[in-house]
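Notes for the structure review
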Amino acid sequence: MPSFGRYLPILDWGRRYDRQALANDLIAALIVTIMLIPQSLAYALLAGLPPEAGIYASIAPILLYAIFGTSRALAVGPVAVVSLLTATAVGQVAEQGTAGYAVAALTLALLSGGFLMLMGLLRLGFLANFLSHPVIAGFITASGILIATSQLKHILGVGAHGHTLPEMLVSILAHLNETNWITLFIGGAATAFLFWVRKNLRPALGRLGTPALLADFLTKAGPVAAVVTTTVAVWAFGLADRGVNIVGSVPQSLPPLTMPGLSSELLGALLLPAILISIIGFVESVSVAQTLAAKKRQRIDPDQELIGLGAANLGAAFTGGYPVTGGFARSVVNFDAGAETPAAGAFTALGLAIAAVALTPLVHYLPNATLAATIIVAVLGLVDLSILKKTWGYSRADFVAVVTTILFTLGMGVEVGVASGVALSVLLHLYKTSRPHVAEVGLVPGTQHFRNVNRHKVHTCPELVTLRVDESLYFVNARFLEDLVQKRVTEGCAIRNVVLMFSAVNEVDYSALESLEAINHRLRDMGVGLHLSEVKGPVMDRLRRSHLVDDLNGRIFLSQYDAWEALARSNVPRAAE
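So, here is what we can say about the structure in this document. Here the structure is a predicted model, which is why all the values come from computation and not from measurement.

**Some points on unusual backbone geometry**
Here R123, not a glycine, exhibits a phi torsion of approximately 55°, which is positive. Considering the arrangement of structural elements, one finds R123 in the loop between α7 (99-121) and α8 (133-150). On the basis of relative accessible area, R123 is assigned to the partly exposed category, the value being 37%. Here E534, not a glycine, exhibits a phi torsion of approximately 55°, which is positive. With respect to the helices and strands, the residue E534 is situated in the loop between β7 (529-533) and α24 (537-544).

Written out as structure tokens, the structure is:
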């Protein structure tokens, strides 16, 4: 049972499931279901798929995540950024509206699910750390702008196209004279209404004395009100005959069993986009899950989350969906509504299944402009341009990474944008670590502590130089330390001993070992002793397996104070040559 429990968290929380948890999960599921019906339809539209694909992608994936996932509140399904990535990736291999497009979306979900599952089984969740927060923030901000811009064509009722911001704007301007004014009125009114609901409805209901729970429920149901009102208006006034684009017929059925395309050509074309979608979706999902879990002093297992999300995507691949992940908005709603366990997600899936069977005929006259308004209001909450000011004030390197990611995403597309952000982050990290902070330190009077000579009033000894290395040593920065020691020793002839303080060094790779050996030989030839202090156990274990310890023309001290006592106060003659 313990081994099964590791891969099936449902066996853990399921044993403690009680009536109170059931009641809370049912209430949360009702609220989230109401929210997800229009949202799922809208995100399918964003992905370039039929609206029912959004419903299908929200049923089996949620059920599978409830079995394999570890977060009690994470709500899995289509999200804006992944929908945009899906449209970009699939649009490169198939034409939107064709059967091949839908099959390619299934294949993308299959590859994404397989990659996530493999990472989880190999416990490779740490790989997502290569996407830094500034890069993710810049990418999501740019994606929010792209998504909102891409929906303007539905608000205007024109046939614009494009995958980058310049392409979209040029296309929209070129088709501006084709604007359908009825569509524009519907889309504009729906957008304004949804913004008002998000910001003002709850306070307004509070002033009227509405109970907090009911006020929250009505606020979450705002998109449903927009959907119902505009759908009735289009039906009642025959606006579809006046050029208003509508959803049209939606199959009235449960998710079908589907088969992704398995041709080598298709798999090869979608492999890299699937990996990108998997990593971005995982980072977003885990960030939300960890934040919500911390509020209830719970914990999640990132590696098991990979398995849960992998299973969810595999489920989407075989039930007519497309790639999914944990959504921020729906997860927060699920948490705020009182979800106790992943069973809330299962109940949400049940509600969506009922909607797929019983309610789909009701959305026949739903205008695409309303779905576009739902997307615009949702994604503009993702746009956070304040990250530019924050990173500019804190770290110029991170600012450059954010700006690069935003500009490349807007100008060249989402895949190029996130790839450039990741590449730049890695390059900046390598540059910074290639020039590690190395401080010359001295003894703080009356203590056994050592601090930077340029920041504190400390005791120093003209015959002793202590350099505190504040970075692990590896092939990128090894030569920097070598040159620094050489420069410091040749500045004056009084130096008899050099101590490298390794309190912050967690790793010394082979290249760095060779540099330490070169420093040792060079100082021996100069008649200067080389000593080490405060070497951590794992680093010491590694050094003992080399010749450095035996050939060192100095000593290895347990503490820097011991080195000071031995070398600065006792007038010890310089190390043997």
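**Some words on the nonpolar core**
Ranked by internal contacts, the top residues of the largest apolar core, which has 95 residues, are L85 and Y322. In terms of residue count, helix α14 (residues 264-295) provides more of this core than any other element does, 12 residues in total. Core analysis: the next-biggest nonpolar cluster, separate from the first, contains 29 residues, A478, A512, L513 and V528 among them.

**Describing the packing of α8 against helix α18 (residues 368-380)**
The geometry of a pair of packed helices is captured by two quantities: the angle between their axes and the separation between those axes. The contact between α8 and α18 brings their axes to 9 Å, and the two run at 165°. With respect to α18, the axis of α8 lies roughly antiparallel. Crossing geometry of α8 relative to α18 is assigned as left-handed. Facing α8, whose interface residues are G144, I147 and A148, α18 presents I375, I376, V379 and L380. Looking at side-chain class alone, the contact of α8 with α18 contains 6 nonpolar, 1 polar and no charged residues.

**A few points about helix α10 (residues 165-174)**
Restricting attention to buried positions, one finds in α10 the residues L165, M168, S171 and I172. All buried residues of α10 project into a common sector of 135° when viewed along the axis, lining one side. Structural note: α10 exposes V170, L173 and A174 on the side pointing more than 90 degrees away from its buried face. At its buried positions, α10 is contacted by α8, α9 (152-156) and α20 (396-412).

**What to know about the pairing of β7**
Extensive coverage of β7 is indicated by the burial of 5 of its 5 residues. Residue alternation in β7 divides its side chains into two sets, G529, H531 and S533 and L530 and L532, and both sets are buried. Where strand β6 (residues 497-501) lies against β7, 5 bridges are found, and the strand directions are parallel. What sits directly across from L500, in β7, is L532. The handedness of the β6 to β7 crossover, carried by helix α23 (residues 510-526), is right-handed. Note that β7 and strand β8 (residues 556-557) share 2 bridges and pair parallel. Within β8, the residue paired with L532 across the bridge is I556.

**Digging into the pattern of salt bridges**
One pass over the full model with this rule turns up 8 salt bridges. Among the salt bridges present, the one from D303 reaches R123, with a minimum N-O distance of 3.6 Å. In this pair, D303 sits in helix α15 (residues 302-317) while R123 sits in the loop between α7 and α8, placing the two residues 180 residues apart along the sequence. Residue classification places D303 among the buried positions, given a relative accessible area of 13%. Linking E507 and R542 is a salt bridge whose minimum nitrogen-to-oxygen distance equals 3.4 Å. Taken together, the positions of E507 in the loop between β6 and α23 and R542 in helix α24 put the pair 35 residues apart, joining distant regions of the chain. Overall, the relative accessible area of 34% leaves E507 in the partly exposed class. R542 sits in the partly exposed class, given a relative accessible area of 38%.

**Comments concerning α15**
Helix length check: α15 (16 residues) gives 22 Å between terminal C-alpha atoms against 22 Å at 1.5 Å per residue, within 8%. Burial analysis of α15 places 14 of its 16 residues in the buried class, which makes it a mostly covered element.

**A word on the pairing of strand β3 (residues 438-443)**
The buried fraction of β3 amounts to 5 of the 6 residues, a majority that puts the element mostly inside the structure. Relative to strand β5 (residues 464-469), β3 is paired through 3 bridges, and the arrangement is antiparallel. The residue bridging V438 from the neighbouring strand is V469, located in β5. Bridge count for β3 against strand β4 (residues 450-452) is 3 bridges, and the pairing is antiparallel. Bridging across to β4, G442 finds its partner in R451.

**Quick word on the packing of aromatic side chains**
Considering all chains together, one arrives at 3 aromatic pairs under this definition. Arranged with centres 5.3 Å apart and planes meeting at 90°, the rings of Y474 and F475 form a pair that is edge-to-face. Taking relative accessible area as the criterion, Y474 reaches 18% and is therefore assigned buried. On the accessibility criterion, F475 (57% relative accessible area) is exposed. In this structure, R396 is placed above the aromatic ring of W392, and the distance from its NZ or CZ to the ring centre is 3.7 Å.

Conventions used here
- Residues numbered from 1 in each chain as written.
- Predicted model: local features only at pLDDT ≥ 70, side-chain atom pairs only at ≥ 80, totals over all residues.
- Heavy atoms only, no water.
- Helix = DSSP H or I, 4+ residues; strand = E, 2+ residues; numbered from the N terminus.
- Buried < 20%, exposed > 50% of the residue type's maximum accessible area, 1.4 Å probe, protein only.
- Core = buried A, V, L, I, M, F, W, Y, C linked by side-chain atoms within 4.5 Å.
- Axes fitted to C-alpha atoms, helices over the stretch in contact; angles between N-to-C directions.
- Parallel < 35°, antiparallel > 145°, perpendicular 65-115°, else oblique.
- Left-handed = near helix turned anticlockwise from the far one by under 90°.
- Contact = heavy atoms within 4.5 Å.
- Nonpolar A, V, L, I, M, F, W, Y, C, P; charged D, E, K, R; others polar.
- Arc of directions from axis to C-beta.
- Pairing = 2+ DSSP bridges.
- Right-handed = clockwise from strand over helix to strand, strands pointing away.
- Salt bridge = Lys/Arg side-chain N within 4 Å of Asp/Glu carboxyl O.
- Expected span 1.5 Å × (residues − 1).
- Phe/Tyr/Trp six-rings, centres within 6.5 Å; stacked < 30°, edge-to-face > 60°.
- Lys NZ or Arg CZ within 6 Å of the ring centre and 35° of its normal.

Everything listed is a geometric property; what it means functionally is a separate question.
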